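What follows is each chain in one-letter form.
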2 protein chains.
Amino acid sequence: MQKYYQKIKNSPIFYGMADSELDRMLECFKAVIKHYESGDTIIRSGDIITKIYLILDGEVNIEKDSYWGRRIIIQKLHENNNIALSLVASKNTESNVNAICTKDAIVLILNYEKCSAMCQNACMHHGAFIRNMFKILSKENVELIEKIENISQKSIRDKLLTYLSNESQKRKSNMFEIQFNRQELADYLNIDRSAMSFELSKLKQEGFINYKKNKFILKVQV
Amino acid sequence: MQKYYQKIKNSPIFYGMADSELDRMLECFKAVIKHYESGDTIIRSGDIITKIYLILDGEVNIEKDSYWGRRIIIQKLHENNNIALSLVASKNTESNVNAICTKDAIVLILNYEKCSAMCQNACMHHGAFIRNMFKILSKENVELIEKIENISQKSIRDKLLTYLSNESQKRKSNMFEIQFNRQELADYLNIDRSAMSFELSKLKQEGFINYKKNKFILKVQV
DNA sequence: ACATTTCTGTTGTTTTTACAACAAAAAGGA
DNA sequence: TCCTTTTTGTTGTAAAAACAACAGAAATGT
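Definitions and cut-offs
- Residues numbered from 1 in each chain as written.
- Chains lettered and ligands numbered in written order.
- Predicted model: local features only at pLDDT ≥ 70, side-chain atom pairs only at ≥ 80, totals over all residues.
- Heavy atoms only, no water.
- Phe/Tyr/Trp six-rings, centres within 6.5 Å; stacked < 30°, edge-to-face > 60°.
- Buried < 20%, exposed > 50% of the residue type's maximum accessible area, 1.4 Å probe, protein only.
- Contact = heavy atoms within 4.5 Å.
- Buried area = accessible area lost by both parts, 1.4 Å probe.
- Salt bridge = Lys/Arg side-chain N within 4 Å of Asp/Glu carboxyl O.
- Polar contact = N/O pair within 3.5 Å; in protein donor to acceptor, adjacent residues only side chain to side chain.
- Helix = DSSP H or I, 4+ residues; strand = E, 2+ residues; numbered from the N terminus.
- Pairing = 2+ DSSP bridges.
- Axes fitted to C-alpha atoms, helices over the stretch in contact; angles between N-to-C directions.
- Near = heavy atom within 4 Å.
- Nonpolar A, V, L, I, M, F, W, Y, C, P; charged D, E, K, R; others polar.
- Least-squares fit on C-alpha atoms with pLDDT ≥ 70 in both.
- pLDDT = per-residue confidence, 0-100.
- Core = buried A, V, L, I, M, F, W, Y, C linked by side-chain atoms within 4.5 Å.
- Expected span 1.5 Å × (residues − 1).

On to the packing of aromatic side chains, then. Counted under the stated rule, the structure contains eight aromatic pairs over all chains. Each ring, one from F180(B) and one from Y188(B), has its centre 4.9 Å from the other, and the planes form 35°; the classification is tilted. The burial state of F180(B) is the same as that of Y188(B); both residues are buried. The structure contains a cluster of three or more aromatic residues connected by ring pairs, namely Y163(A), F180(A) and Y188(A).

Here we come to the interface of chain A and chain B. With 41 residues of chain A at the interface, the matching set in chain B holds 41 residues. A combined buried area of about 3,600 Å² lies between chain A and chain B, and 73% of that area is made up of carbon and sulfur atoms. Linking chain A to chain B there are one salt bridge. Taking the shortest distance from any N to any O, the salt bridge between E149(A) and K64(B) comes out at 3.0 Å. Here chain A is connected to chain B by five residue pairs in polar contact (both at pLDDT 80 or more). When residues of the side of chain A that touches chain B are traced back to their parent elements, those giving at least two are β4 (71-77), α3 (85-89), α5 (126-151) and α6 (156-171) of chain A.

This part covers the sheet that holds strand β7 (residues 175-177) of chain A. Residue and element names in this part refer to chain A. Judged by pairing direction, the sheet is antiparallel, and its three strands sit side by side in the order β7-β9-β8 without closing on themselves. Looking at which strands have only one partner, the edges of the open sheet turn out to be β7 and β8 (209-212). Averaged over all adjacent pairs, the angle separating strand axes in this sheet is 20°, with direction ignored. Examined bridge by bridge, β8 and strand β9 (residues 215-218) share four bridges and lie antiparallel to one another. From the neighbouring strand, I209 faces β9, where its bridge partner is L218. The strands that α6 touches are β7, β8 and β9; relative to β7, the one it contacts most, it runs at about 100°.

Taken together, 20 residues lie near DNA strand C, and R182(A), S197(A), S201(A), S155(B) and I156(B) sit nearest. Within the side chain of S197(A), a nitrogen or oxygen atom sits 2.9 Å from a phosphate oxygen of DNA strand C. Residues of the surface near DNA strand C, tallied by class, amount to five nonpolar, eight polar and seven charged.

With that out of the way, let us pick up the relation of the copies chain A and chain B. Superposing chain A onto chain B takes a rotation of 180° combined with a translation of 0.0 Å along the rotation axis, leaving an RMSD of 0.1 Å. Here the transformation between the copies is reduced to the relation of a two-fold axis. Looking at the interface residues of chain A, 100% of them are also at the interface in chain B, so both copies use one shared face.

Position of S201(B) among the secondary structure elements: in helix α8 (residues 193-205). Assessed through its relative accessible area of 34%, S201(B) is described here as partly exposed.

Quick look at the protein's contact with DNA strand D now. Around DNA strand D lies a shell of 19 residues, among which S155(A), I156(A), R182(B), S197(B) and S201(B) are the nearest. Here DNA strand D approaches the protein such that, of its atoms within 4 Å, sugar and phosphate make up 66%. Residue I156(A) places a main-chain N or O atom 2.7 Å away from a phosphate oxygen belonging to DNA strand D. Between a phosphate oxygen of DNA strand D and a side-chain N or O atom of S201(B), the distance comes to 2.4 Å. Sorting the residues of the surface near DNA strand D by element identifies α8 (193-205) of chain A together with α7 (182-189) and α8 of chain B as the ones contributing at least two each. If one sorts the elements of the surface near DNA strand D by residue count, α8(B) sits on top with five residues. Classifying every residue of the surface near DNA strand D gives five nonpolar, eight polar and six charged.

With that settled, consider the confidence of the model for chain A. For residues with low pLDDT, the predicted coordinates do not support detailed interpretation. Chain-level statistics for chain A give a pLDDT mean of 85 and a share of 90% at 70 or above. The secondary structure element of chain A with the lowest average pLDDT is helix α4 (residues 112-117) of chain A, at 64, and the one with the highest is α8(A), at 96.

With that out of the way, let us pick up the nonpolar core. Core analysis: the largest hydrophobic core is formed by 142 residues, its most contacted members being F14(A), I83(A), F14(B) and I83(B). Non-local contacts of I83(B), meaning those with residues more than four positions away in its chain, are made with I42(B), I43(B), I52(B), Y53(B), I55(B), V60(B), I62(B), L77(B) and A99(B).

What follows deals with the pattern of salt bridges. Residues and elements named next belong to chain B. Tallying each qualifying case throughout the model produces 21 salt bridges over all chains. With a closest N to O distance of 3.2 Å, E177 and K215 form a salt bridge. Of the two residues, E177 sits in strand β7 (residues 175-177) while K215 sits in strand β9 (residues 215-218), which places them 38 residues apart along the sequence. Overall, the relative accessible area of 44% leaves E177 in the partly exposed class.

Right, let's talk about the environment of I43(A) for a bit. All names here are of chain A. Structurally, I43 can be placed in strand β2 (residues 41-43). Taking the C-alpha atoms as reference points, I43 and N92, separated by 49 residues in sequence, lie 14 Å from one another. The residues touching I43, leaving out its near neighbours within four places in the chain, are I49, Y53, I83, A84, S95, V97, N98 and A99.

Okay, the side chain of S95(B) next. Along the polypeptide, S95(B) turns up in the loop between α3 (85-89) and β6 (98-110). Sequence-distant contacts of S95(B), defined by excluding residues within four places in its chain, comprise I43(B), R44(B), S45(B), G46(B), D47(B), I49(B) and L87(B).

Let's shift gears to the pairing of β9(A). Residue and element names in this part refer to chain A. Because side chains alternate across β9, one face comprises the buried residues F216 and L218, and the other comprises K215 and I217, none of which is buried. Both β7 and β9 contribute to a ladder of three bridges, which runs antiparallel. Looking at β9, one finds that M175 is bridged to I217. Hairpin connection, β8 to β9: the antiparallel pair is bridged by two residues, and K213 has positive phi, about 50°.

Residue and element names in this part refer to chain B. Over its 13 residues, α8 extends 18 Å from the first C-alpha to the last, a length consistent with the 18 Å expected when each residue adds 1.5 Å. On its buried side, α8 packs onto α6 (156-171), α7, β8 (209-212) and β9. Taken from the residues just after α8, G207 is the one with a positive phi, measuring 85°.

This is how it looks when you write it as structure tokens:
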């Protein structure tokens, strides 16, 4: 735990807390560190969730298997993102998604139930904690709406352009690197990989974009 | 304001507050009531948002016009739902969606900025308020993920079955009424209305579902 | 450096969807 | 009630996407 103290301290979930406060919070939440390897399932659809998972390092996909066996990537999560916060907070304890580790990860696990139930002792700072989580949730919310915008486009071309221009806006540059490989991007946008590759080539040929592997350049403002 | 006092009091956003507390909150937030007529635009994409809108009655669609002029319905909101909470809370003040009134609405408008900035006086209960909003946000989050699940399905048929079975689960009955008319449902699921109608007929013919107007019956567990 | 595996791009074919145009049914108003 | 308007269902056609199969490029391990 000590090894990751600085990382934990810098996490937005504990933003603005002094060391002594943080220590008490960690104790109150019965915090533990757990390591996952790429490919591990952190949460399986159907699991009863009572803990919050804070990613300190690595990469985790939130996925869903459709009834017909197709994978849907809902989100890709990294350092400082949380898993299951909204689920636990909404008392909706049964997960309906899978959390799959895609790059070896270090995860801080907080027993939220425990603390929120009988929070008399150390948690004068539960207030600050809630405010932080509130901010995190609201940001997630905005991101989910953005994802809805991306996948709500009519054609493969529109989905790509919307996704790329949203990424460009976020990075405040028309030159950026995306987090997905082609298959993952296709799963994220709910389109066929090969059809997507084809459309990307066309967009490159027509001069709208340029790319090499995961580095993209938007040539026109969409 | 007095006219709607009971409705405001019962709203989840003020859950667990005594009358005196509520009064002070409303003052602190400079709360006002505003009426909108069906068709009115409450928020336009691009607007700078600093207030939270709580729907006391009526219906509001959160929509987005794609660059190419197609309408996307992101959410349909009713009594007790809020508009712009996540936006304001994430300090992301420029709206990128439209909020359109679809049935005459009564809306309580709260000046969130004002209060959260200099909250010394009445707001000992700001804590309870934040906790309530936190819960609301987390619920919204779960709903957005459900919407993503719905529209991430591959075919029109799968989208319909996923949507209908999710609705059925929420109402805990295989017989339920949906909130959308056909055009709205098509816009929500991002599909063509006529193609959707055709698929609905087929599903009915094949015995998977039955429906009349907005009343649906799921005949098989999907 | 080489072999092996994974990832990405290309092409033709089949399937699905969007679109347009219209018919039928339902809702609303005078 | 009848007329008008809105909503929903049906059909054929054109366009787009999925799928499959494979080639080429890049990454990985030895």
